[in-house]
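Notes for the structure review
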Amino acid sequence: MNKAQLIKRVEDILKILNREYPEARTHLDFSSPFELLVSTVLAAQCTDVRINLVMPPLYKKIYKGPKDILKDGIENFTNNIKSITFFNSKAKSIIGMCEMLVNDFGGKVPGTIEELTKLPGVGRKSASVVLGNCFGQKDVIIVDTHLKRVSGRLGLIENDNPEKIETELKEIVPSEQQYNYSLKIGEHGRVICDAKKPKCEECFLNNICPSKNLLTKQNKKAKK
Ligand code: SF4
């Protein structure tokens, strides 16, 4: 497919996804950029459900900002998040992040991708989540596992590397729609286009999707 055809495909997909998922949003609970930043870093290779169980009570009670985590110390912080996967290494990153927030950013979460990705533990994905949700930035692509899988199945990307995926999608998704695309595709991945058992037969993108027949056949074979 050439670029113009891919742009048209994205347009068609977005029309349908906007209709089907008008309320799509991030699944992490937060009430400030700091909370979302911490929760996003902790959510890597863990579930949003687990993070939402553990973190909001802690934010409410003790960790209102980076200084509170530093004051509590790494031992207590690690202990408080020990039901989260890779809690030891994540606690170290969060402590480093809080130190940098306090020392270099006046205790506030910065609002650019360059600054955010300087923080320990913060990659482009986490930075984009914060920018899209808290800073109203529309031209961010959040390359998570759902976006990667669903965009690939829809024939929109060829690469496997997150930075290359971001570049590929930024060329075909209008800049003011990139954050919206990330949310809607993520929702579709959760609800219909499951990693192991995509529901192709009931999928409202199946007229557009080049993987439909392939995955439907695979599913039928697996059921036999
Ligand atoms: S048709 Fe199947 S593979 Fe394509 S987007 Fe829908 S669920 Fe995913």
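Every residue gets a number counted from 1 within its own chain, in the order that chain's sequence is written. At least 70 in pLDDT is required for a residue's local features to be given in this predicted model, at least 80 for side-chain atom pairs to be given and counted, and no such filter applies to totals for whole chains, interfaces and linings, which use all residues.

**Focus on helix α8 (residues 145-153)**
Selection rule: Three exposure classes are used. Buried residues have 20 or more other C-beta atoms within 10 Å of their own C-beta, exposed residues have 12 or fewer, and partly exposed residues fall in between, all C-beta atoms being placed from the backbone. Put simply, DSSP H or I for four residues or longer makes a helix, DSSP E for two residues or longer makes a strand, and each gets a number counted from the N terminus. By construction, the arc corresponds to the directions joining the helix axis to the C-beta atoms. Here contacts are defined at the residue level, using C-beta atoms placed from the backbone and a cut-off of 7 Å between them.
Of all the positions in α8, only His146, Leu147, Val150, Ser151 and Arg153 are classed as buried. Around the axis of α8, the buried residues are gathered within 160° of arc, so they sit on the same side. The inward-facing, buried residues of α8 contact α9 (162-172) and α10 (178-191). Looking one or two residues beyond α8, the residue adopting positive phi is glycine 155, at roughly 75°.

**Considering the nonpolar core**
Applicable threshold: Among buried residues, those of type Ala, Val, Leu, Ile, Met, Phe, Trp, Tyr and Cys that are joined through C-beta atoms within 7 Å form a set called a nonpolar core.
Counting residues in hydrophobic clusters, the biggest one holds 55 residues, and the most contacted among them are Leu42, Ile94 and Val130. Residue contacts for isoleucine 94: discarding those within four places in its chain leaves Val38, Val41, Ile69, Phe77 and Gly121.

**Quick notes on the site of the ligand**
As a reminder, the rule being used: Residues are classed as near a molecule or strand if the C-beta position derived from their backbone is within 6 Å of it. Gly falls in the polar group here, along with every residue not listed as nonpolar (Ala, Val, Leu, Ile, Met, Phe, Trp, Tyr, Cys, Pro) or charged (Asp, Glu, Lys, Arg).
Taken together, 15 residues lie around the ligand, and Cys193, Pro198, Cys200, Cys203 and Cys209 are the ones closest in. At the level of elements, α8 and α11 (212-223) are the ones that each hand at least two residues to the shell around the ligand. Across the shell around the ligand, the residue classes break down as ten nonpolar, two polar and three charged.

**Overview of the domain arrangement of the protein chain**
Put simply, the rule is: All domain edges in this entry derive from an automatic or database-based domain assignment.
Along its sequence, the protein chain is carved into domain 1 (3-24 + 141-223) and domain 2 (33-134). Across the boundary between the two partners, domain 1 contributes nine residues, which contact five residues of domain 2. Looking at the side of domain 1 that touches domain 2, the elements that each hand over two or more residues are α9 and α10. Tallied by class, the residues present in the side of domain 1 that touches domain 2 amount to five nonpolar, one polar and three charged.

**Brief notes about the environment of phenylalanine 30**
The topology assignment puts phenylalanine 30 in the loop between α1 (3-20) and α2 (33-42). Along the primary structure phenylalanine 30 and asparagine 52 are separated by 22 residues, whereas in three dimensions their C-alpha atoms are 8.6 Å apart. Aside from chain neighbours lying at most four places away, what touches phenylalanine 30 is Glu35, Leu36 and Ser39.

**With respect to unusual backbone geometry**
The phi torsion of most residues other than glycine is negative, and most of the peptide bonds are trans. At glutamine 45, a residue that is not glycine, the phi angle is positive and equals roughly 55°. With respect to the helices and strands, the residue glutamine 45 is situated in the loop between α2 and α3 (48-61).

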